[in-house]
Amino acid sequence: MTTVDERSTRTQRMLVYLAVGAVLGALLVAGYLRFHSARVTAEAGAKADRLVTRLTEEGARTPSRDQLVRLLGTDGGAICVDPAAALARATSDTGIANGAGGPGTRPVLAAGTVVRAQLLVIEVYCPAKLAGFQEYVGGLGFADGTGG
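Here goes a summary of the coordinates provided. Just so it is clear, the model here is predicted, and its values are computed rather than measured. (Residues numbered from 1 in each chain as written. Predicted model: local features only at pLDDT ≥ 70, side-chain atom pairs only at ≥ 80, totals over all residues. Heavy atoms only, no water.)

**Regarding the overall build of the protein chain**
Tallying secondary structure elements over the protein chain gives 5 helices and 0 strands in all. If you list the helices and strands of the protein chain from N to C, you get α-α-α-α-α. Residue burial in the protein chain is summarised as follows: out of 148 residues, 20% are buried. A sequence separation of at least 24 residues applies to 61% of the contacts in the protein chain between residues at least 6 apart. Counting only carbon and sulfur atoms, one obtains 62% of the accessible surface of the protein chain, whose full area is about 10000 Å². (Helix = DSSP H or I, 4+ residues; strand = E, 2+ residues; numbered from the N terminus. Buried < 20%, exposed > 50% of the residue type's maximum accessible area, 1.4 Å probe, protein only. Contact = heavy atoms within 4.5 Å. Areas by Shrake-Rupley, 256 points an atom, 1.4 Å probe, with all protein chains shown as cover.)

Have a look at this one:
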């Protein structure tokens, strides 16, 4: 027959085991999350570095690496969701309009450099979608005749 002391000792031991298990489990989860976060940040940083290099080669102004990491992450953010979709086209067309509001808004012949940065982002972050966006850009007219 077990005594009260043996039962309370067994209960205390079980509580200690559960507490130690919970702490070890929490440390394991925290370690995994930090490892995953560091890997994602390294990948986002590498892509941002590639984009900065490509923008510099094109002679464009470059945002900071940290801005690109926060904005585009590892997947290109909103730019890569569907760059050749109607909403993306409308946003891009608005960016190369004359800047007037309301009825005065009209498309203009902008320099081809306007869309080159967007092409570079797609090239670095979502190259599988580059062909569709290039097809869209190929249909635009530019003042310098570059066609994108």
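**A word on the nonpolar core**
Among the nonpolar cores identified, the biggest contains 18 residues, and Leu-51, Leu-72, Tyr-125, Phe-133 and Val-137 are the most heavily contacted of them. For this core, the secondary structure elements donating two or more residues are helix 1 (4-58), helix 2 (65-72), helix 4 (113-125) and helix 5 (130-138). Of the residues forming this core, the biggest block, 7 residues, is contributed by helix 4. (Core = buried A, V, L, I, M, F, W, Y, C linked by side-chain atoms within 4.5 Å.)

**A short note on the pattern of salt bridges**
The tally for this structure, following the rule as stated, stands at 4 salt bridges. For Glu-43, the salt bridge is made with Lys-47, and the minimal N-O distance between the two is 3.9 Å. Linking Glu-43 with Lys-47, this pair stays in helix 1, spanning 4 residues, or about one helical turn. Using a relative accessible area of 39% as the deciding quantity, one classes Glu-43 as partly exposed. Judged by relative accessible area, Lys-47 falls into the buried class, the value being 16%. The salt bridge partner of Arg-65 is Asp-49, with a shortest N-O separation of 2.7 Å. With a gap of 16 residues between them, Arg-65 in helix 2 and Asp-49 in helix 1 connect regions that are remote in the sequence. Relative accessible area serves as the criterion here: at 36%, Asp-49 is assigned to the partly exposed category. A cluster of three or more residues bridged by salt bridges with shared partners is formed by Arg-54, Glu-57 and Glu-123. (Salt bridge = Lys/Arg side-chain N within 4 Å of Asp/Glu carboxyl O.)

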